[in-house]
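# Overview (structure and organization)
Residue strings, one per chain:
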There are 2 protein chains.
Amino acid sequence: MAGPKILVVDDEPNIRDLLTASLRFAGFQVRAVGNGAATISAVLEDEPDLIVLDVMLPDMNGFSVTKRLRGAGYTSPILFLTAKDSTEDKITGLTVGGDDYVTKPFSLDEIVARIRAILRRTMMEEEESTLKVGEISMDQDSHEVFIGDEVIELSPTEFKLLRYLMLNPNRVVSKAQILDHVWEYDFNGDAGIVESYVSYLRRKLDPFTSEPLIQTKRGFGYMLKSPKA
Amino acid sequence: MAGPKILVVDDEPNIRDLLTASLRFAGFQVRAVGNGAATISAVLEDEPDLIVLDVMLPDMNGFSVTKRLRGAGYTSPILFLTAKDSTEDKITGLTVGGDDYVTKPFSLDEIVARIRAILRRTMMEEEESTLKVGEISMDQDSHEVFIGDEVIELSPTEFKLLRYLMLNPNRVVSKAQILDHVWEYDFNGDAGIVESYVSYLRRKLDPFTSEPLIQTKRGFGYMLKSPKA
DNA sequence: AAGTTTCCTGAGAGTTATCTGAATATTTAT
DNA sequence: ATAAATATTCAGATAACTCTCAGGAAACTT
């Protein structure tokens, strides 16, 4: 019930809310603020286990905030959000220890996966990094997908789509849901692309499975069936 | 969980925090201070197993601090931090016993590696100095890299990059993370240089391996695969 | 059974990531 | 001082990937 505490820092209310909702749903305790000053006090007050920090804030940048936090003795990991096209995207040198970067625009599931990966390493909770559903297993550290001992090569999007399906076994997920979770939040294309990628996945995976992998629930979406449960 | 105790001494909060976070993540117990006077009392109080000491402090220099510490009976090793342009011969007199020095700006992984090397010698902990991943082995003391009994000559940067990859087997590391850990902390160049060095490493290593060494995980980073896991 | 809707998949255009050779700059060694 | 080794930048080539579209197949409706 009481998952790790996460502080979300972004000045765009849209993204803040998007992240807050997603992380709450993923089982984290979430608090969100919109500027650097509020970050400092929120950290001192709550001592979050991880901070999701946009490096472009109205009052300070990621450097200053990190500096202030580390100076105040805060040592928990930070996941930095950086704009990909920004002229000032040379913000290397920020990640120490278990920190990591994610570029905007990101996909919601990608953020959750990265947060889990960091906490797995820093909080030493014996959490499994391998997902297993039926005959498929996916190692989230090495990004490898296995069926039996056959390694399946997947493109980034194929990998993220499969991960989302594997995180929701025995549950029908709609194309709209998939689009919201797997694609970047500013993607404004057609839901038909999900069909294409489901097709790609089937082509790569089905030759190695004993039965078809991804079930189509006509009119509703797709589902990955797990024999157990 | 209780690693060796390390005292970090530097007057620049930036570097102090960078070091603190990195060393904590590496499993050390870390305390940090910012001047010579605080160093003396911290040592007497905590009896650290190693001190990371900037030689240019506001109140005393490395000579004085070391002299005072040795005079007080403190015998544990010291890793000195020196500015590159400062006269290095002054340092040579300081590093006696198990001591060592590193020039600023340093790379975070280099510091951790040097500390580990010193502690290996002084604390006699039966810790392995040879890294092995798949067919490659690396002796961190002699800086030699082997594939089978073939010795591979690597430049300093090539060596550090390979070490970082070998310390993270079966885990995808992004180019930004590599840059932050392997290159000096003030490097503000492009991440493309990582691509160049990966290319160099492959050219030198792949002729001797049975399968390609460094795997590219397009869109995510690079990974070194270890057969056992 | 015919019509309608939804889904599947191949083809292709456009984009992006990565690799590598070569040029330049810098450091180290002689 | 000069030469050699190493570090960094750059740009073209290549390969991989993303996304759209459209015809046909399958499933559902009437």
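Just above, that's the structure.
I will try to describe carefully the structure that is included in this document.

Definitions and limits used
- Residues numbered from 1 in each chain as written.
- Chains lettered and ligands numbered in written order.
- Predicted model: local features only at pLDDT ≥ 70, side-chain atom pairs only at ≥ 80, totals over all residues.
- Heavy atoms only, no water.
- Near = heavy atom within 4 Å.
- Polar contact = N/O pair within 3.5 Å; in protein donor to acceptor, adjacent residues only side chain to side chain.
- Helix = DSSP H or I, 4+ residues; strand = E, 2+ residues; numbered from the N terminus.
- Nonpolar A, V, L, I, M, F, W, Y, C, P; charged D, E, K, R; others polar.
- Salt bridge = Lys/Arg side-chain N within 4 Å of Asp/Glu carboxyl O.
- Buried < 20%, exposed > 50% of the residue type's maximum accessible area, 1.4 Å probe, protein only.
- Pairing = 2+ DSSP bridges.
- Right-handed = clockwise from strand over helix to strand, strands pointing away.

Residues in close proximity to DNA strand D total 24 residues, the closest being S155, T157 and Y200 of chain A together with S155 and T157 of chain B. Here the atoms of DNA strand D within 4 Å of the protein split so that 70% fall in sugar or phosphate, with bases taking the remainder. Between DNA strand D and the protein, one listed contact pairs a phosphate oxygen with a side-chain N or O atom of T157 of chain B at 2.5 Å. At the level of secondary structure, the elements contributing two or more residues to the surface near DNA strand D comprise α5 (156–167) and α7 (192–205) of chain A together with α6 (156–167) and α8 (192–205) of chain B. Class assignment for the residues of the surface near DNA strand D results in 12 nonpolar, eight polar and four charged.

It is possible for side chains bearing opposite charge to pair when their charged atoms get close. Scanning the model with the defined rule gives 25 salt bridges over all chains in all. Across the pair R114 of chain A and E110 of chain A runs a salt bridge, and its minimum N-O distance is 3.0 Å. With R114 of chain A and E110 of chain A both in helix α4 (residues 108–122) and four residues apart, this pair spans about one turn of that helix. Salt-bridge contacts for R31 of chain B lead to D46 of chain B; the nearest nitrogen and oxygen are separated by 3.0 Å. Taken together, the residues R31 of chain B in strand β2 (residues 29–33) and D46 of chain B in helix α2 (residues 36–46) connect sequence positions 15 residues apart. The network of salt bridges with common partners includes D10, E12, D54 and K104 of chain A.

Here we take up the pairing of strand β1 (residues 5–9) of chain A. All names here are of chain A. For β1, the buried fraction is high: four of the five residues fall into the buried class. Both β1 and strand β2 (residues 29–33) contribute to a ladder of five bridges, which runs parallel. Pairing of K5 across the sheet is with Q29, part of β2. Read from β1 through helix α1 (residues 13–25) to β2, the crossover connection turns out right-handed. The pairing of β1 with strand β3 (residues 50–54) spans four bridges and is classified as parallel. Looking across to β3, one finds that V9 is bridged to L53.

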